[in-house]
Amino acid sequence: MSVSTSIASSLRTPTLQTLGLGSVLDLFKNGRLPIDASEAVDAVFGPASDRGSMVISGASGIVGAGKTMQFASRLTRFDVPIVALDFPGAPDGIGDKYPGLVAGFGTARAAEIMASVVRLAYDGRSLPDELGAMQPRFLLEAIPEILEVKRSHYELFRGAFPDIEIRSVTSGFPARELGVGVAHPAFPHEINKVFEIVEDEPSDVTRLLWALGLIPIPVSDDWSFVLDVLFCGVTLAGLRYHGASNMPYWKIDKFIRKHLGPNPFRAHDAIGAKGADFLTWSCLHHLAEEYGPLFTPTPDLVERKETGQTWYPPNHFRPLVDWGLDREGEAEFDAWIMGPLFQMTSLMLHEHRGHLAHMNAIGELCAQFRKGILAQIRARGAEGVGETVRRYHALFPSAAEGAWHPDVFDAMDGPDWQQLYVNAEHDGSVGVITISRESYNWDVDAELNRAIDWLKVEGIDRVIVTGDFHLSTQMVGADTGEFFAAIEEVEAGLAITTSWSRTARRLYDEFATSVAFVGGKRCLGGMLELLMHCHFLVAPDGVQFGWPEVGLPVVPGMEACHWPLRRAATDDRSRILEMLLTGRSVRSQDAVGWLLDRAGSLEGALAAAWSLASQGGDGDGRRGLVEGPLEGIQDAVPPLPEADSPLTEAGRAAIMTCVEASTSVSAAEAIEVQARIAAEFLNGPLCRKGVVGSEYAKTMRV
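Model, not experiment: these values are computed from the prediction.

Observations concerning helix α2 (residues 37–45)
Then step 1. Those residues of α2 not exposed but buried are A37, A40, V41, V44 and F45. Down the axis of α2, the smallest arc covering the buried residues is 105°, so these residues share one side.
Then step 2. On its buried face, α2 is in contact with β2 (53–57), α3 (62–75), β5 (136–141) and α10 (204–211).
Then step 3. Positive backbone phi, at 90°, marks G46, one or two positions downstream of α2.

Right under this line is the structure:
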């Protein structure tokens, strides 16, 4: 496979290039994906006339069963048999996944997926005779984390099938220790699409993962890679704080969620305490041997990896041992948790463990960080990070003995640091802005503005705005965590609704032609509000578009209450209002002409986006914008079904108030009108009673 690359300039390296798949710009210029699933399947498993199989060993375990379902659901249409290999007495982890398959795919499809899985038992010393007839081409190993057992396992397969591709799902052993490449998946294994990949060069296996809609992320060959340094690291930080304060684990979880996002102790219990505790201990044990006391497991972790005792007690015990933290206590907690995480991240940066956007994304996509660790470091600045680590060293002096590399933060002003979520490329004529985060937040907003500024300086006035075709597989709207400050203070909400709307307007005002392209499964809420500001909106058939805010309820704050109405024909405005007032979504092919401008096959949509961006001009068919007030908005309100709750009814009323107010003035005036109404609703009692308010109370009121 060859991928042409003609990119003239980019803010930073596109993450797609790290997979050997070229740039996003060339993807549009070529009018097709760099490799499709059928090509990738042929490269790994052979042609349809001589198709080999995929073997998952340890298939009855938590990881193996999840990956068996994930691959079976994607490979059945290519007639690739999935061989699930495990010991005869292993628990039926695969059967346990069947209800989830039915819920996700329906009974008929679930049965088809299960039928593609051939279960074989073996004794660990020899392979079953039936396996040879199935021509194994790819082994995904998910057996226990015992290095010598793993090595013997690979020898067994290589002896029988010398050309087989092998990848280990190991949570911590480097490839150099294993003797095979690594494809380390994130939990939950049947849902999470991310694999940390360790290999010398991008391989057919890695490109297969990408072509199947999974997310391979290349990382360096160092102990525990990136995910488990972060996840095991935050667990260790919580354990150390417990040792210093005696705060119960479940309460520590609540404060970690408030400060950072995840619940590490709850996650261990959800995975299965004994197995998860052993894996966390194993990662930390080997990291400590390599890097010192920063990673040394605590005595309670050592004990529990043997006993399997859960970290959370029964619910009825928790209020008896509850307490809070004052401001000084919160600051000390921050030092205990963020100090070691910042220090561990400095080590990973020192070792160049991955593309900075990758390292940041792994924390969000896998470890459930509300914001990636590099985004948090960037927000504090090098001086603030250094002060946090020094405070941690005062609390835990042993951590100062090594693995601290503050010099890595000296490059924080560079584009790799400054563009963690948004990149820009151009070929001298057309630019492409890629957004790699699924939800819009302040970081994305700032980076998008910098990307626009850079393209303008480079003389680019034609642009495509899209996802990155790698880390972001959908666009789900605004990050509601950013609304927490708005619930507390109306001015914080006004900053969001005003500033984000002004950023979106730049796509309309500052380019001769701007084209939004949505290639993922859906585009909702704030992300749709952003992209609808482009002169054209293009998507393949089947992509879902919608504004679900009414059900939260919140009032859309990036101009959905008037901007799409100003661009739709009078007879189509009722369709926009129906979406806003019911939360119902629409498929791309059904929205052409009033919300979208082009739809069709994937290749057709890519070609259309490139044609519009590169050749668009006078007479290109772009929908206009009514600059003045709109007439007859009340007459356009369609018949609505009964609201499913009083909160939804209140949300409808608030959205309609915003629609009427922002369409009764000019487009220039409407930005301030809609911003104020949306911000006041965020700060009001109805929002506190809804989904966002409930999440705010659960997260921030600890």
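Here we look at the packing of helix α25 (residues 573–582) against helix α27 (residues 646–663)
Then step 1. Two elements in contact, α25 and α27, have axes separated by 9 Å at closest approach and are oriented at 140°. Classified by the angle their axes make, α25 and α27 are oblique. On α27, the residues touching L577, L580, L581 and T582 of α25 are R652, I655, M656 and V659.
Then step 2. For the contact of α25 with α27, the residue count by class is 6 nonpolar, 1 polar and 1 charged.

Here's the deal with the sheet that holds strand β17 (residues 536–538)
Then step 1. The 6 strands are arranged β1-β10-β11-β13-β15-β17 in an open sheet whose pairing can be described as mixed. Of all the strands in the sheet, just β1 (9–10) and β17 have a single pairing partner and so form its edges.
Then step 2. Along the sheet, helix α20 (residues 442–457) contacts β1, β10 (422–426), β11 (431–435) and β13 (462–467); its crossing angle with β10, the most-contacted strand, is approximately 15°.
Then step 3. Of the strands in this sheet, β13, β15 (513–517) and β17 are in contact with helix α26 (residues 602–615), which crosses β15 at around 165°.

Side note on the environment of A636
Then step 1. Topologically, A636 is positioned in the loop between α26 and α27.
Then step 2. Along the sequence, A636 and S574 sit 62 residues apart, while their C-alpha atoms lie 4.8 Å from each other.
Then step 3. Setting aside anything within four residues of it in sequence, one finds A636 in contact with R573, S574 and L577.

Concerning the nonpolar core
Then step 1. Core analysis: the biggest nonpolar cluster contains 168 residues, and F295, L530, F545 and L595 have the highest contact counts within it.
Then step 2. Formed by 59 residues, the second largest nonpolar core is a distinct cluster that contains F28, F71, A84 and L212.

Some words on the pattern of salt bridges
Then step 1. Throughout the structure, instances matching the rule amount to 37 salt bridges.
Then step 2. With a shortest N-O distance of 3.4 Å, D50 and R137 are connected by a salt bridge. Within this pair, whereas D50 is found in the loop between α2 and β2, its partner R137 is found in strand β5, the two being separated by 87 residues in sequence.
Then step 3. Of the charged contacts in the structure, one is a salt bridge between D453 and R506, with a shortest N-O distance of 2.6 Å. Taken together, the residues span a long stretch of sequence, with D453 in helix α20 and R506 in helix α22 (residues 490–509) at a distance of 53 residues.

Comments concerning the packing of aromatic side chains
Then step 1. Scanning the entire structure with this criterion turns up 22 aromatic pairs.
Then step 2. Ring plane angle 80° and centroid distance 5.9 Å describe the contact between F28 and F469, whose orientation is recorded as edge-to-face. Within this pair, whereas F28 is found in helix α1 (residues 24–30), its partner F469 is found in the loop between β13 and β14 (477–478), the two being separated by 441 residues in sequence. Like F469, F28 is buried.
Then step 3. Ring centres of Y508 and W563 lie 5.2 Å apart, and the angle between their planes is 85°; on these two criteria the pair is classed as edge-to-face. Taken together, the residues Y508 in helix α22 and W563 in helix α24 (residues 563–567) connect sequence positions 55 residues apart.
Then step 4. Grouped by ring-pair contacts, the aromatic residues F28, F469 and F517 constitute a single cluster.

Focus on the packing of helix α14 (residues 273–291) against helix α15 (residues 299–307)
Then step 1. Between α14 and α15, whose axes approach to 8 Å, the crossing angle comes to 140°. Taken as axis vectors, α14 and α15 run oblique relative to one another. In terms of crossing hand, the pair formed by α14 and α15 is left-handed. Facing K274, D277, F278, T280, W281 and L284 of α14, the residues of α15 in contact are L301, V302, R304, K305 and E306.

What counts as what
Residues numbered from 1 in each chain as written. Predicted model: local features only at pLDDT ≥ 70, side-chain atom pairs only at ≥ 80, totals over all residues. Heavy atoms only, no water. Buried < 20%, exposed > 50% of the residue type's maximum accessible area, 1.4 Å probe, protein only. Helix = DSSP H or I, 4+ residues; strand = E, 2+ residues; numbered from the N terminus. Arc of directions from axis to C-beta. Contact = heavy atoms within 4.5 Å. Axes fitted to C-alpha atoms, helices over the stretch in contact; angles between N-to-C directions. Parallel < 35°, antiparallel > 145°, perpendicular 65-115°, else oblique. Nonpolar A, V, L, I, M, F, W, Y, C, P; charged D, E, K, R; others polar. Pairing = 2+ DSSP bridges. Core = buried A, V, L, I, M, F, W, Y, C linked by side-chain atoms within 4.5 Å. Salt bridge = Lys/Arg side-chain N within 4 Å of Asp/Glu carboxyl O. Phe/Tyr/Trp six-rings, centres within 6.5 Å; stacked < 30°, edge-to-face > 60°. Left-handed = near helix turned anticlockwise from the far one by under 90°.

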